[in-house]
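# Examination of the molecular architecture
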Amino acid sequence: MSNNELNKYTLNSQIPIGTGKAGFREEFDSMGKINVPADRYWGAQTQRSLQHFNIGNDFMPKEIYHAYGYVKKACALVNFAAGRLPDWKKDAIVAAADETISGNLDENYPLYVWQTGSGTQSNMNVNEVISNRAIQLLGGELGTQTPIGPNDDVNMGQSSNDTFPTAMHIATIIALDTQLIPSIENLISVIKRKADVWMSVVKIGRTHLEDAVPLTVGQEWHGWAGQLSDALDDVKHSQLNLYKLAIGGTAVGTGLNAPKGFSQDVAEKIAELTQKPFITAPNKFTAQGSLDSLVRTHAAIRGLAIALIKIANDMRWLASGPRCGFSELILPSNEPGSSIMPGKVNPTQCEAIVMIGIQVMGNDATISISGSQGNFELNAMRPVIINNLLHSIRILADGCHKFREYSVEGTELNKKKIKEYVDNSVMLVTALSPIIGYQNAAYIAENAMANNMTLKEAAVASGKINEEDFNKYVNPINMVGNGLSGA
């Protein structure tokens, strides 16, 4: 391009977003011309997708487009540094990519989840939007693909087959780091704090839904915290493979049309832009022919959901009542619980967490089946996988935030009821087994239940132990051990 042509295009970053025009304009692609809304930046391929895949209300998550902004920005910077893209094109593409990353162009990304399984249409949606926005910033005419082309410039050295899984990994890492992990860590912190306060409050344990030997409320709550901590460790460990990016593999993993060193350079640039430790995937055929790393990540997220369901169910059972249930826990009263029964309050946050967990398990079934559908050099189930994965992250993160704020933090103990259960439990007889033998202890327990006696009354009546020794050995606080250090 001559100097005169270069001078024709000057980046004006002050041009506001939006064309401000009504009606339609003509766009084109390799299949011909098509009209698109004049007040949007997308082009022909996006419009064709809207016509052919207007299915349901499931839209491609905006997080994918924000992640794609990083991909396109990184590629432009690398192509510029290598002399493949002039600085004025680079500046315009980067400016439009930044607007994509920030979400300012979200209304220009309208495509549905149910589209081509490679994500090609979403990649072209990004290419077209960035191209047209860059053209506008340079004072050109939308729809001309001049001076910034969606394929030749924005998509330079790339394919949908390597950029879409790259965007999937970026979006997932960002969502985990900014949404799910902090939410779970905050919940664990609150559970641990309350557990520490209640370490000396003895309660009756329950196994098989039946009375068991005692433990403390703190020990029980530390068990919940441990479940979540272990599950969260699995989620964090699963991130290691997500840092490996497919970019540079282009169509089938061979890197055709990508310059030498492109994959490593772009991965390093994405790492710099996102401040995440992304690297180029050492095996592009693995990175593009499968989506196993995302399947494993969601399996870890499913494990987290399972732990949350257990905890939420325990809490709502232990809070059942207030007079005809367990009534050990007193949950916050957030809203009326019934349209017909005055004064009724329900464990609504616990119920929401259980529903969220069930949805996550359903999402996992979809993701697992989709992950099994890779054929040869491509898994063409990408949109449904990333939609369900980001959905799981979002609802778990939001749900745990509300669960912590409106249930866990305000939960209190009904110490009177807790003591009553401990005092009435015949399973305390377990402490006598080493003293008088299992069979004798079992006889005492059975006699106490059959004749509606207290455990002490039945024990003394058996003649196997006197009241003084009974009081010495059957002391609940001495029966709880530790459990947190293997005791």
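The rules behind the values
- Residues numbered from 1 in each chain as written.
- Predicted model: local features only at pLDDT ≥ 70, side-chain atom pairs only at ≥ 80, totals over all residues.
- Heavy atoms only, no water.
- Helix = DSSP H or I, 4+ residues; strand = E, 2+ residues; numbered from the N terminus.
- Rg over C-alpha atoms; globule rule 2.2 N^0.38 Å.
- Contact = heavy atoms within 4.5 Å.
- Areas by Shrake-Rupley, 256 points an atom, 1.4 Å probe, with all protein chains shown as cover.
- Lys, Arg positive; Asp, Glu negative; His and termini not counted.
- Charge placed at Lys NZ, Arg CZ, Asp CG, Glu CD.
- Pairing = 2+ DSSP bridges.
- Salt bridge = Lys/Arg side-chain N within 4 Å of Asp/Glu carboxyl O.
- Polar contact = N/O pair within 3.5 Å; in protein donor to acceptor, adjacent residues only side chain to side chain.
- Phe/Tyr/Trp six-rings, centres within 6.5 Å; stacked < 30°, edge-to-face > 60°.
- Buried < 20%, exposed > 50% of the residue type's maximum accessible area, 1.4 Å probe, protein only.
- Lys NZ or Arg CZ within 6 Å of the ring centre and 35° of its normal.
- Axes fitted to C-alpha atoms, helices over the stretch in contact; angles between N-to-C directions.
- Parallel < 35°, antiparallel > 145°, perpendicular 65-115°, else oblique.
- Left-handed = near helix turned anticlockwise from the far one by under 90°.
- Nonpolar A, V, L, I, M, F, W, Y, C, P; charged D, E, K, R; others polar.
- Arc of directions from axis to C-beta.
- Disulfide = S-S within 2.5 Å.
- Core = buried A, V, L, I, M, F, W, Y, C linked by side-chain atoms within 4.5 Å.

### Observations concerning the overall build of the chain
Broken down by element type, the chain carries 18 helices and 10 strands. The C-alpha atoms of the chain give a radius of gyration of 31 Å, which is well past the 23 Å a tight globule of 487 residues would have. The dimensions of the chain, computed from C-alpha atoms along their principal axes, are 110 × 50 × 35 Å. Across the chain, the fraction of contacts at a sequence separation of at least 24, relative to all contacts at a separation of at least 6, is 73%. Roughly 22,400 Å² of accessible area belongs to the chain as shown, and the carbon and sulfur atoms make up 51% of that amount. Charge-centre separation for the chain: the mean point of 41 positive side chains lies 1 Å from the mean point of 48 negative side chains.

### Considerations on the pairing of strand β3 (residues 202–207)
As judged from the 5 bridges shared by β3 and strand β4 (residues 210–216), these two strands associate in the antiparallel manner. Each residue of the ladder has a partner; that of Thr207, found in β4, is Glu210. Remark: 2 residues form the turn of the hairpin made by β3 and β4, two consecutive strands paired antiparallel; His208 in that turn has positive phi of roughly 60 degrees.

### So, the pattern of salt bridges
Counted by the stated rule, this structure contains 22 salt bridges. The residue Lys269 makes a salt bridge to Glu272 at a minimum N-O spacing of 3.4 Å. Of this pair, Lys269 and Glu272 both sit in helix α9 (residues 262–274), 3 residues apart, which is roughly one turn of that helix. Several salt bridges converge on common partners, so that one network encompasses Lys203, Arg206, Glu220 and Glu328.

### Observations concerning the side chain of Ser263
Relative to the helices and strands, Ser263 resides in helix α9. Within the structure, the side chain of Ser263 is placed 3.5 Å from the side chain of Thr280, a separation counted as a polar contact.

### Concerning the packing of aromatic side chains
Counted by the stated rule, this structure contains 7 aromatic pairs. Centroid distance Tyr9 to Trp88: 5.5 Å. Interplanar angle 5 degrees. Geometry classified as stacked. Of this pair, Tyr9 sits in the loop between α1 (3–8) and β1 (24–29) while Trp88 is found in helix α4 (residues 87–102), placing the two residues 79 residues apart along the sequence. Across the pair, exposure class does not vary: Tyr9 and Trp88 are buried alike. Each ring, one from Tyr243 and one from Phe278, has its centre 5.7 Å from the other, and the planes form 70 degrees; the classification is edge-to-face. Linking Tyr243 in the loop between α8 (217–242) and β5 (244–245) with Phe278 in the loop between α9 and β6 (279–280), this pair joins segments that are 35 residues apart in sequence. Look at Tyr243 and you get buried, because its relative accessible area is 15%. Through pairs of rings, three or more aromatic residues link up here, namely Trp198, Trp221 and Trp224. Just above the ring of Phe80 sits the side chain of Lys90; from NZ or CZ to the centre is 4.3 Å. Above the ring of Tyr421, the side-chain terminus of Arg206 is found at 5.4 Å from the ring centroid.

### Some remarks on the packing of helix α16 (residues 438–450) against helix α17 (residues 455–462)
Two packed helices can be described by the angle between their axes and the distance between those axes. The contact between α16 and α17 brings their axes to 8 Å, and the two run at 125 degrees. In terms of orientation, α16 and α17 fall into the oblique class. Crossing of α16 against α17: the hand is right-handed. Taken together, the residues of α17 that come into contact with α16 (itself represented by Tyr443, Ile444, Asn447 and Ala448) are Leu455, Ala458, Ala459 and Ser462. For the contact of α16 with α17, the per-class residue count stands at 6 nonpolar, 2 polar and no charged.

### A closer look at α17
Every buried residue of α17 is listed here: Leu455, Ala458 and Ala459. Looking straight down α17, one finds that the buried residues subtend no more than 100 degrees of arc, so they occupy a single side. Where the residues of α17 are buried, they touch α16 and α18 (467–473). Phi turns positive one or two residues past the end of α17, at Gly463, with a value near 80 degrees.

### So, the state of the cysteines
Counted under the stated rule, the structure contains 0 disulfides. The structure places no disulfide on Cys324, whose sulfur is separated from the nearest cysteine sulfur, that of Cys350, by 19 Å. A relative accessible area of 82% places Cys324 in the exposed class. No disulfide involves Cys350; its sulfur sits 12 Å from the nearest other cysteine sulfur, which is in Cys400. In this structure Cys350 comes out as buried when scored by relative accessible area, which is 1%.

### A short note on the environment of Gly337
Relative to the helices and strands, Gly337 resides in the loop between β7 (329–330) and α12 (348–371). Spatially, the C-alpha atoms of Gly337 and Pro347 are 8.5 Å apart, while their sequence positions differ by 10 residues. If we skip the residues at most four places from it in the chain, Gly337 touches Lys344, Val345 and Asn346.

### A word on the nonpolar core
Among the nonpolar cores identified, the biggest contains 113 residues, and Ile64, Leu180, Trp221, Leu228, Ile301, Leu308 and Met315 are the most heavily contacted of them. Of all the elements, helix α7 (residues 160–197) adds the most residues to this core, at 16 residues.

### So, the packing of α12 against helix α13 (residues 382–408)
Packing of α12 against α13 leaves a shortest axis separation of 9 Å and a crossing angle of 165 degrees. It follows that α12 is roughly antiparallel to α13 by the angle criterion. The chirality of how α12 crosses α13 is left-handed. Grouping the constituent residues of the contact of α12 with α13 by class yields 13 nonpolar, 11 polar and 1 charged.

Keep in mind these values describe shape, not function.
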